[in-house]
Amino acid sequence: MTTYPPLGLPAYGVLAITSLLTTLRADVVWISPEDQQQRIQNASIACYKQMYNESRQIPNGVHCPMYWDTLVCWPDTPAGTVSVMPCPNYVNMFQMDENASKVCTENGTWFVSPTLNKMWTNYSSCMAIFNKVPPLIAANIDRIRLMANIGYGMSLVSLILAIIIMLSFKRLHCARNTIHLNLFVSFILRATFSFLKENILVQGLGFPVDVRQHKGGVEFIEGTEHWECKLFFALYNYTLAANYMWIFVEALYLHMLILVAMFSEKSGIRWYIIFGWASPITFVVPWAIVRLMLEDKLCWNTHPTQAYFWIMQGPIVLSTLVNFGFFLNVIRILFTKLNAAHSPEAKKFRYRRLAKSILVLIPLFGVHYIVFLGLPDKHVNETAQLVKLYFEMFFNSIQGFFVSLLFCFFNGEVQGEIRKQWYRFRLMRATNFRNSRNLGNHTFSSYVSHESHESPKLRRSSAGATETIAMNGITSCKNPNGPLLDNTCTADDDCDANTSLTNGHL
C-alpha cells in the first residue's frame, strides 16, 4: 500500500484539471507490489551480508552501527551526525533524486521517535511529490476551491435555464442554436464531473473504497482493480475534451459563416455534431488503453509519463491554437468591414463596436486558454503558479455562465420570444378577466389600444398590433443600426445568417 501525507493531495486534488497539479515527475519509482517486495528482500540480504562481513572496517570512536530499517541499509555513522542516503529506487512512488536522512545521537544510538517509540528514519523528502505544496498556494487553496464551486454552480444553473428556454420556443429551433445547445450540454457535463470530482473523491485521490484514511495521511489500497475510479477519470477527461472540441466547433462554424459568403447555415450540421462528440473518443480511448496496458497506476488521475499524457493533451492544445487563429482572422475581417463603413456615425463608434465584438469572441473561441499555454509546470515561481491557478480556475468554472449569457439571455431573438410570450400571457389574462366579469363592451381592439398606451413596443405597432402579437414569429429582428455582430430572423426563415451569429446581443 502507498501512504500519502495529510498535507499533500487535499490541496492539489481541487485543481486536478491543470497539468501543474496532476503531473507526476518522471523520476518517480513505478513498480508492482510483487517486484517491490522482491527488491526489498534482495536489499536486506545484501545489507546483512555486509553487516556480518568480518573484513568490514568498523570506525573508531562512538558511532551508530550499521542498521537495516526495512527499506535502506544505513552505514556506520559517527555520533552526533546525520547520515544521508539516496531514496531507494525499489519503493513504489519514491522520488529517486531525493535523499532520506537518519540521526545518530551523541551517545551512539540511532534516534528513537518519542511518538512511535521506535527508531525513525526521515523519508519525507522521498515523498515530496505529494507533500511539497508551496506555502503561498496552500494558503489560497480554500479560496480557489470556493471560487471554483461558485463558478461551476453559476454555470450549471444558467446553462440549464438556457437549454429550457431555447427548447421551449419553436422559433429558436435552428441549426445555429443546435450547435449552441450542444455546447451548453458539454459545459454542463464538464461542470457536473468537476463537482463530483471535488466532492466525492477523497483528497482527489480516489473513491472512499479506494483509499484508507488514518492520522498519517491517506493510504491508497493496492492489489485491487479500482476500475470504478479509473472509469470515472476516463469519463472526466472525455467531458473536458468534448468541451474543448465543442468550443472549436463553435469557432469553426462562426468563422465559416463570416469567411465563406455562400456558406449555408444548415450545411453539414450533422457532421459538426458528430465531430463534437466523437472526436474526443479518438484520443481519450487510446490514452485509456495506454494507461491500462503500460501505466496502470492509481486511478489514472496522475501523469508520470508525459508522452502518454500528450496523447490526450496534444489535440486539445492544437484545437486551442487553431481557435486563436480563427479569432485573429475574424477580428481582422471585422476591422476591415468597420474601416470600409461610409457612415460618419459608424466610423465614430467603430472602435467601441470592435471592442464589444472582441469581448464576445473571447469566451466563444476560448482565447483565455492561450494566456498560460506556454507556462511550464515545473521550476516556476510560486507567485506565478498562484496567478495561473486563480486565472484558470476562474475562467474554467465561469465560462459556461458567460456563454449562456451571450447565446441565450443577451440574445435578441430569445429576448423577443420571451417578450412575445409575456405579451400573450398578459393578453390572455386580461381577456379571461373581462369574460369573467361579463364586460362584453370591451373589445379586443380596445385592449390592444390600452396595451399600446402602456408599452412602447406595442405603441409603435399602430393598427397592426393585434396581428403582431398573435402571429407565431417576429416579422423581423434585423437591426440596421445595431452592432456589427447582428443576426436577422424572419417569419419565413427561422435563422437567417446573412450577417454574423451573435444575434444582436452586443
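Since this is a predicted model, take the numbers as computed values, not measurements.

A. View of the overall build of the chain. Assigned secondary structure in the chain consists of 17 helices and 11 strands. Evaluated residue by residue, the chain yields a buried proportion of 49% over its 506 residues. For the chain, the share of sequence-separated contacts (at least 6 apart) that also reach a separation of at least 24 residues comes to 68%.

B. Region of interest: helix 7 (residues 227–259). If you check helix 7, its first and last C-alpha atoms are 47 Å apart, about what 33 residues at 1.5 Å a residue would give, namely 48 Å. Counting buried residues along helix 7, 26 of its 33 residues qualify, which places the element largely inside the surrounding structure.

C. How the structure looks around the side chain of serine 186. Looking at the element boundaries, serine 186 is found in helix 6 (residues 175–200). In this view, serine 186 contacts Ala242, Asn243, Trp246 and Trp277; residues no more than four positions away in its chain are not counted.

D. Structural detail: the environment of tryptophan 287. On the secondary structure map, tryptophan 287 appears in helix 9 (residues 281–294). When the C-alpha positions of tryptophan 287 and phenylalanine 309 are compared, they lie 7.3 Å apart, and in sequence the two are 22 residues distant. Residues within four places of tryptophan 287 in sequence aside, it is in contact with Ala234, Asn237, Trp300, His303, Tyr308, Phe309, Ile311 and Met312.

E. Representation of the confidence of the model for the chain within the structure. Mean pLDDT over the chain works out to 74, with 72% of the residues at or above the 70 mark. Across residues 496–506, confidence stays below pLDDT 50; counting only partners more than four residues off in sequence or on other chains, it has 47 contacts.

F. Inspection of the pattern of salt bridges at higher detail. Tallied over the full model, the rule gives 6 salt bridges. A salt bridge links arginine 171 to glutamate 417, with the nearest nitrogen and oxygen atoms 3.9 Å apart. Pair noted here: arginine 171 is in the loop between helix 5 (135–168) and helix 6 and glutamate 417 is in helix 14 (residues 412–436), with a separation of 246 residues, a long-range link. Each member of the pair arginine 171 and glutamate 417 is classed as buried.

G. Highlighting the nonpolar core. Core analysis: the largest hydrophobic core is formed by 65 residues, its most contacted members being Leu183, Phe184, Phe283, Leu361 and Phe365. Within the residue set of this core, elements represented by two or more residues are helix 5, helix 6, helix 7, helix 9, helix 10 (306–339), helix 12 (350–365) and helix 13 (382–409). No other element matches the 14 residues that helix 7 contributes to this core. Those residues in contact with leucine 183, other than ones at most four positions away along the chain, are Trp246, Ile247, Glu250, Val403 and Phe407. By size, the runner-up hydrophobic cluster in this structure holds 20 residues, among which are Ile40, Leu71, Tyr90 and Cys126.

H. Unusual backbone geometry, seen in detail. In this model, threonine 70 sits at a positive phi of 85°, which is unusual for a non-glycine residue. Among the secondary structure elements, threonine 70 is positioned in the loop between strand 3 (67–68) and strand 4 (73–74).

I. Representation of the state of the cysteines. Throughout the structure, instances matching the rule amount to 4 disulfides. Disulfide pairing is shown between cysteine 47 and cysteine 73; the S-S distance is 2.0 Å. Between cysteine 47 and cysteine 73, the disulfide has an S-S torsion of 70° and is therefore right-handed. Of this pair, cysteine 47 sits in helix 3 (residues 33–51) while cysteine 73 sits in strand 4, and the two are 26 residues apart along the sequence. We classify cysteine 47 as buried; its relative accessible area is 1%. Residue cysteine 73 is classed as buried on the basis of its relative accessible area, which comes to 19%. Two residues, cysteine 64 and cysteine 104, share a disulfide whose sulfurs are 1.9 Å apart. Handedness here is read from the sign of the S-S torsion; for cysteine 64 and cysteine 104, about 95°, the answer is right-handed.

J. Representation of the environment of isoleucine 418. If you trace the backbone, isoleucine 418 turns up in helix 14. Here isoleucine 418 falls in the partly exposed class, since its relative accessible area comes to 38%. For isoleucine 418 and isoleucine 165, which are 253 residues apart along the polypeptide, the C-alpha to C-alpha distance reads 8.6 Å. The residues touching isoleucine 418, leaving out its near neighbours within four places in the chain, are Ile165 and Phe169.

K. Spotlight on a nonpolar patch on the surface. Together, Ile281, Val285, Ile289, Leu292, Met293 and Leu294 give the surface a local cluster of nonpolar side chains, amounting to about 600 Å² of exposed area. Mapped onto the elements of the fold, isoleucine 281 is located in helix 9. The class of isoleucine 281 is partly exposed, set by a relative accessible area of 42%.

L. Layout of the packing of aromatic side chains. As enumerated under the stated definition, the model contains 18 aromatic pairs in all. Ring geometry for phenylalanine 248 against phenylalanine 275: centres 5.8 Å apart, planes inclined by 50°, an arrangement best described as tilted. Taken as a pair, phenylalanine 248 in helix 7 and phenylalanine 275 in helix 8 (residues 269–278) lie far apart in primary sequence, 27 residues in all. Among the residues examined, phenylalanine 248 registers a relative accessible area of 14% and is labelled buried.

M. Region of interest: the packing of helix 6 against helix 7. Running from N to C, helix 6 and helix 7 point in directions that differ by 150°, and their axes come no closer than 9 Å. With respect to helix 7, the axis of helix 6 lies roughly antiparallel. In this structure, helix 6 meets helix 7 at a crossing whose hand is left-handed. Of the residues assigned to the contact of helix 6 with helix 7, the class counts are 18 nonpolar, 6 polar and 4 charged.

Conventions and cut-offs
- In this numbering scheme, every chain counts its residues from 1 along its sequence in written order.
- Local features in this predicted model are restricted to residues whose pLDDT is 70 or higher, and side-chain atom pairs enter the listing and the counts only when it is 80 or higher, whereas totals over whole chains, interfaces and linings include all residues.
- The basis for the side-chain values is all heavy atoms of the structure; hydrogens and waters are excluded.
- To qualify as a helix, a DSSP run of H or I must reach at least 4 residues; to qualify as a strand, a run of E must reach at least 2; elements of each kind are numbered from the N terminus.
- Burial classes follow relative accessibility: with a 1.4 Å probe on protein chains only, a residue under 20% of its type's maximum area counts as buried, one over 50% as exposed, and anything between as partly exposed.
- Any two residues having at least one pair of non-hydrogen atoms within 4.5 Å are treated as being in contact.
- Here the expected span of a helix is defined as 1.5 Å times the quantity of residues minus one.
- The pLDDT score gives, residue by residue, the confidence of the prediction method on a 0 to 100 scale.
- Whenever a carboxyl oxygen of Asp or Glu lies within 4 Å of a side-chain nitrogen of Lys or Arg, that contact is scored as a salt bridge.
- Among the buried residues, those of types Ala, Val, Leu, Ile, Met, Phe, Trp, Tyr and Cys that are joined through side-chain atoms within 4.5 Å form a nonpolar core.
- Cysteine sulfur atoms that come within 2.5 Å of each other are treated as a disulfide pair.
- Patch membership needs two things, relative accessible area over 30% and no salt bridge, and members are linked within 9 Å if like-charged or within 5 Å if nonpolar (Val, Leu, Ile, Met, Phe, Trp, Tyr).
- Computed with the Shrake-Rupley method and a 1.4 Å probe, the accessible areas treat only the protein chains shown as cover for residues.
- Aromatic pairs are defined between Phe, Tyr and Trp rings, using the six-membered ring for Trp, whenever the two ring centres lie within 6.5 Å; interplanar angles under 30 degrees are classed as stacked, those over 60 as edge-to-face, and all others as tilted.
- To obtain an axis, a line is fitted to C-alpha atoms, over the contacting stretch when the element is a helix, and the angle between two such axes runs from 0 to 180 degrees between their N-to-C directions.
- Our angle categories are set so that under 35 degrees counts as roughly parallel, over 145 as roughly antiparallel, 65 to 115 as roughly perpendicular, and the remainder as oblique.
- Handedness of each helix crossing follows the sense of rotation of the near helix against the far helix: counterclockwise by less than a right angle gives left-handed, clockwise gives right-handed.
- Side-chain classes are defined by residue name, with Ala, Val, Leu, Ile, Met, Phe, Trp, Tyr, Cys and Pro counting as nonpolar, Asp, Glu, Lys and Arg as charged, and the others, Gly among them, as polar.

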